[in-house]
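Fold and geometry: a report
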Amino acid sequence: MKIEHTTPITWRFARRAEQLQSSAIREILKITMRPEIISFAGGLPSPATFPVEHMKAAFDSVLSRQGKVALQYGPTDGYAPLREWIAQSLSSDGVTIGSDQVLMVSGSQQAADLVGKVLIEECSKVLVETPSYLGALQAFSIYQPDFVSAPTDDSGVLPHEVESIADGARLLYTQPNFQNPTGRTMPVERRVELVETCARLGLPLIEDDPYGALGYRDAPLQKMLTMNPHGVIYMGSFSKVLTPGIRLGYVVAPAVLIRKLEQAKQAADLHTSQLTQMVVYEAIKDGFFTAHIPAIRALYATQCQAMLDAMDAFFPPQVKWNRPEGGMFVWVTLPEHIDAMALLDEAIAQHVAFVPGAPFYANQPAKNTLRLSFVTVPPEKIREGMATLGKLIAGKLK
């Protein structure tokens, strides 16, 4: 029976809900779904890298042999064999990571949310890179911190600048490998200095590492986790090396923090999908990544070079950009008078899309910056899109 006469509800949102904002990238992606758009906007892995048949075989194997276990509730901390595999894969440079230091999460975005829930107080200081990963800023912002932008250069955070802003800070968030959005990489010497600085200050250091396996040529650099496993919180993900559709990530931290994160996860979703975890373990346990990841690296290196060559050919000399050594992004700095948001409107009218750089800044956004992602666009379309974008930029220099 339906009630006919009701009083409309005036929804009273909590203060933390009032400040929630949609992701600028997600809003742009709605536009880029149009087939005529050449999109450099999404930070999406290439579907060409998805091992569909291998994953199908893993699902079939798990469901046929352990179906009743896979379809049941699972433990909050995650599937034990997968946690052990992750712990062993991260144990290096004389440091042993225990499986009790690993918590499985529903994508590394959930790891950022749980860390924020456990460590951040309202108005407490949180240090972030300049610019920083938008997803982390979103995850932390709901806990209403005071974001402080740590000084950076082309190699990441400047360790000698951290002490002057660290007083009372709850954490320092970094992406040292092929950072989103800038594509920059922190060299080993800088990592050592940063880890030592944070350890001396008693400042928790977050090492978010979704792209670390995607270097084009060189072996992965030493993880900050292995430099100080007692003070570094490591976030990893299977999204960029397997498939994002499984929504599976992990956080590695000292056991005392993992226990608190586990309690926070219990309150959020009880546990990450048991089926997904078992399937991923089945897919990777026998060395699948040994052949799979090099193929991803080779594809992305080709796509990246196609974009850099096209930018060299079509962009005016007043425009600056990085030349990434891995990952998925090129960061562009336009002349100061050009607003990338206004440029985006013109580009979309010409069937090209990108992400303006301003949303990646916690403070004082640089409106003359933008991010380009090259991994989902074939080389001939990359060249066409860069020619269009270069022409639009040149038109603003007259």
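Notes on the structure in this doc start here. (Residues numbered from 1 in each chain as written. Predicted model: local features only at pLDDT ≥ 70, side-chain atom pairs only at ≥ 80, totals over all residues. Heavy atoms only, no water.)

Re the overall build of the chain
Counting secondary structure elements, the chain contains 14 helices and 15 strands. At 22 Å, the chain has a C-alpha radius of gyration in line with the 21 Å of a compact globule built from 398 residues. Counting only C-alpha atoms and orienting by the principal axes, one finds that the chain spans roughly 70 × 65 × 50 Å. A buried classification covers 53% of the 398 residues belonging to the chain. For the chain, the accessible area works out to roughly 18400 Å², and carbon and sulfur atoms hold 53% of it. Here the chain contributes 36 positive and 40 negative side-chain charges, whose respective centroids are spaced 5 Å apart. (Helix = DSSP H or I, 4+ residues; strand = E, 2+ residues; numbered from the N terminus. Rg over C-alpha atoms; globule rule 2.2 N^0.38 Å. Buried < 20%, exposed > 50% of the residue type's maximum accessible area, 1.4 Å probe, protein only. Areas by Shrake-Rupley, 256 points an atom, 1.4 Å probe, with all protein chains shown as cover. Lys, Arg positive; Asp, Glu negative; His and termini not counted. Charge placed at Lys NZ, Arg CZ, Asp CG, Glu CD.)

Topic: the sheet that holds strand S11 (residues 320–321)
The strands making up a sheet associate through backbone hydrogen bonding, with each pair oriented either parallel or antiparallel. Taken in spatial order, the four strands of this open sheet run S11-S12-S15-S14, and their pairing is antiparallel. Edge positions in the open sheet fall to S11 and strand S14 (355–356), since each of these has one partner strand only. Sheet topology places S14 next to strand S15 (residues 369–373); two bridges connect them, and they run antiparallel. Pairing of Pro356 across the sheet is with Leu370, part of S15. (Pairing = 2+ DSSP bridges.)

Regarding the packing of aromatic side chains
Summed over the entire model, instances satisfying the criterion amount to ten aromatic pairs. Centre to centre, the rings of Trp331 and Tyr361 are 6.4 Å apart; their planes meet at 45°, and the pair counts as tilted. In this pair, Trp331 sits in strand S12 (residues 329–333) while Tyr361 sits in the loop between S14 and S15, placing the two residues 30 residues apart along the sequence. We classify Trp331 as buried; its relative accessible area is 10%. Put simply, the rings of Trp85, Phe238, Tyr250, Phe288 and Phe289 touch in pairs and so form one group of aromatic residues. (Phe/Tyr/Trp six-rings, centres within 6.5 Å; stacked < 30°, edge-to-face > 60°.)

Considerations on the packing of helix H12 (residues 289–314) against helix H14 (residues 379–395)
The contact between H12 and H14 brings their axes to 9 Å, and the two run at 30°. Relative to H14, H12 is oriented roughly parallel. Of the two elements, H12 crosses H14, and the hand of that crossing is right-handed. Residues Gln303, Ala306, Met307, Ala310, Met311, Ala313 and Phe314 of H12 pack against Pro379, Ile382, Arg383, Met386, Ala387 and Gly390 of H14. In terms of residue class, the contact of H12 with H14 is made up of ten nonpolar, two polar and one charged. (Axes fitted to C-alpha atoms, helices over the stretch in contact; angles between N-to-C directions. Parallel < 35°, antiparallel > 145°, perpendicular 65-115°, else oblique. Left-handed = near helix turned anticlockwise from the far one by under 90°. Contact = heavy atoms within 4.5 Å. Nonpolar A, V, L, I, M, F, W, Y, C, P; charged D, E, K, R; others polar.)

Quick look at the sheet that holds strand S10 (residues 249–252)
Pairing is mixed in the open sheet, where seven strands are placed in the order S2-S10-S9-S8-S7-S3-S4. The open sheet is flanked by strand S2 (102–105) and strand S4 (146–149), the only strands paired with a single partner. In this sheet, neighbouring strand axes are inclined to one another by 20° on average, regardless of whether the strands run parallel or antiparallel. Pairing of strand S9 (residues 232–237) with S10 involves four bridges; the strand directions are antiparallel. Bridge pairing links Gly236 to Tyr250 in S10. Against the sheet, helix H4 (residues 80–90) contacts S2, S9 and S10, and its axis sits at roughly 120° relative to S2. Running at roughly 155° to S9, helix H5 (residues 108–119) makes contact with S2, strand S7 (169–174), strand S8 (205–208), S9 and S10 of the sheet.

Interpretation note: all reported values are geometric properties and have no functional meaning in isolation.
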